[in-house]
Amino acid sequence: MNGAMEFLLWTKGPMFQIALGIFAVGMLARLFEILLLGRATNHAEARAGEWLPGLRTVFTRTIPDPGTFRRAPFDVLVGWIWHLGFIIVLLLSVPHVELVAGVFGVSWPTLPNPVIDLLTAITLAGLVAALLHRLLHPVKRRISIPQDYLVWALTFAVVLTGYLAYHRLVDPYPLALGMHILSAELLLICLPFTKLTHIFTTVFARWYNGAAFGRKGVRS
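Overview of the structure. Residue positions are given per chain, counting from 1 as you read along its sequence in written order. Where totals are concerned, whole chains, interfaces and linings use all residues; where local detail is concerned, this predicted model gives features only for residues with pLDDT of at least 70, and gives and counts side-chain atom pairs only at 80 or more. Excluding hydrogens and water, the side-chain figures rest on all heavy atoms present in the structure.

Digging into the packing of helix H9 (residues 146–166) against helix H10 (residues 173–190)
Angular values range over 0 to 180 degrees, each being the angle between N-to-C directions of two axes fitted as lines to C-alpha atoms, with helices fitted over their stretch in contact. A helix here means a DSSP run of H or I that spans at least four residues, while a strand means a run of E at least two residues long, and both kinds are numbered starting from the N terminus. Put simply, H9 and H10 touch, their axes get as near as 8 Å, and they point 150° apart. By the angle between their directions, the pair H9 and H10 is classed as roughly antiparallel. As H9 runs across H10, the sense of the crossing is left-handed. Between H9 and H10, the contacting residues are Leu150, Leu154, Thr155, Ala157, Val158, Thr161, Gly162 and Ala165 on the first element and Tyr173, Ala176, Leu177, Met179, His180, Ser183, Ala184, Leu186, Leu187 and Cys190 on the second. Residues are grouped as follows: Ala, Val, Leu, Ile, Met, Phe, Trp, Tyr, Cys and Pro are nonpolar; Asp, Glu, Lys and Arg are charged; all remaining types, including Gly, are polar. Each residue belonging to the contact of H9 with H10 can be placed in one class, and the counts come to 13 nonpolar, five polar and no charged. Angle categories are assigned with fixed cut-offs, so that under 35 degrees is roughly parallel, over 145 is roughly antiparallel, 65 to 115 is roughly perpendicular, and the rest are oblique. Each crossing gets its handedness from the near helix: less than a right angle anticlockwise from the far helix is left-handed, clockwise is right-handed. In this description, contact between two residues means that some pair of their heavy atoms is separated by no more than 4.5 Å.

Below, the structure written as structure tokens:
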């Protein structure tokens, strides 16, 4: 028990500081990288504005178009399922809201535990289905790189360990909670250096594309 408690304290203390530091430095490096790319001066006369077309593209690209769904129904459906499940569990489960309330003094309504459990199970099932599809689909398997499997493993670990810790299915409990915290910290560390960066860049990239097309008078 003492070893498990020491492990938990380590994940809450030194390891959290390390993870937060690497995340902050990594995201700053990503930001500078994007800014250094610059934006070429457009000397053509603007045919329309940029802000509204950009915002419209942010929303329209969020919903898959019928053509994309017909070409890859599995990717669209399963991707939506586990992404939504992950976000809802992250934002509306009791422990997470209580954590935010304890740190920032802000809280919001949560979902009942049975609903969170169901969404967690659906999310885990969606992640397993996505992995199997990647492994069994010849094209996806060929273009996949180690990073893809690392991101999947960390995401799956965060969800699974959270469920195990909340329901105290691992003994001792400090070990289960420490595993959940550590998996989240590893995800945080990898975020700036992997495809997980899309969590922060997707909205800006979609706005930029929409704004560029909007300036030309073309709908993205």
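Things to note about the pattern of salt bridges
Just to be clear on terms, a salt bridge is a Lys or Arg side-chain nitrogen sitting within 4 Å of an Asp or Glu carboxyl oxygen. Within this structure, the stated rule accounts for four salt bridges. The partner of lysine 140 in a salt bridge is aspartate 75, and the shortest N-O contact between them spans 2.0 Å. Of the two residues, lysine 140 is situated in helix H8 (residues 138–143) and aspartate 75 in helix H5 (residues 73–92); the sequence distance between them amounts to 65 residues. We call a residue buried when its accessible area falls under 20% of the maximum for its residue type, exposed when it is over 50%, and partly exposed in between, using a 1.4 Å probe and counting protein chains only. Judged by relative accessible area, lysine 140 falls into the partly exposed class, the value being 23%. A salt bridge links aspartate 148 to lysine 195, with the nearest nitrogen and oxygen atoms 2.7 Å apart. You can see aspartate 148 sitting in helix H9 and its partner lysine 195 sitting in the loop between H10 and helix H11 (198–215), a full 47 residues away along the chain.

A few points about the packing of aromatic side chains
Each aromatic pair joins two rings of Phe, Tyr and Trp (for Trp, the six-membered one) with centres within 6.5 Å, and gets the label stacked for planes under 30 degrees apart, edge-to-face for over 60, and tilted for any other angle. In total, this model carries three aromatic pairs according to the counting rule given. Between phenylalanine 23 and phenylalanine 200, the ring centres sit 6.1 Å apart and the planes meet at 50°, which makes this aromatic pair tilted. Here phenylalanine 23, found in helix H2 (residues 14–37), pairs with phenylalanine 200, found in helix H11; they are 177 residues apart in sequence, far enough to count as distant. Judged by its relative accessible area of 17%, phenylalanine 23 is buried. Seen from their ring centres, tryptophan 152 and phenylalanine 156 are 4.9 Å apart, and the 15° between their planes marks the pair as stacked.

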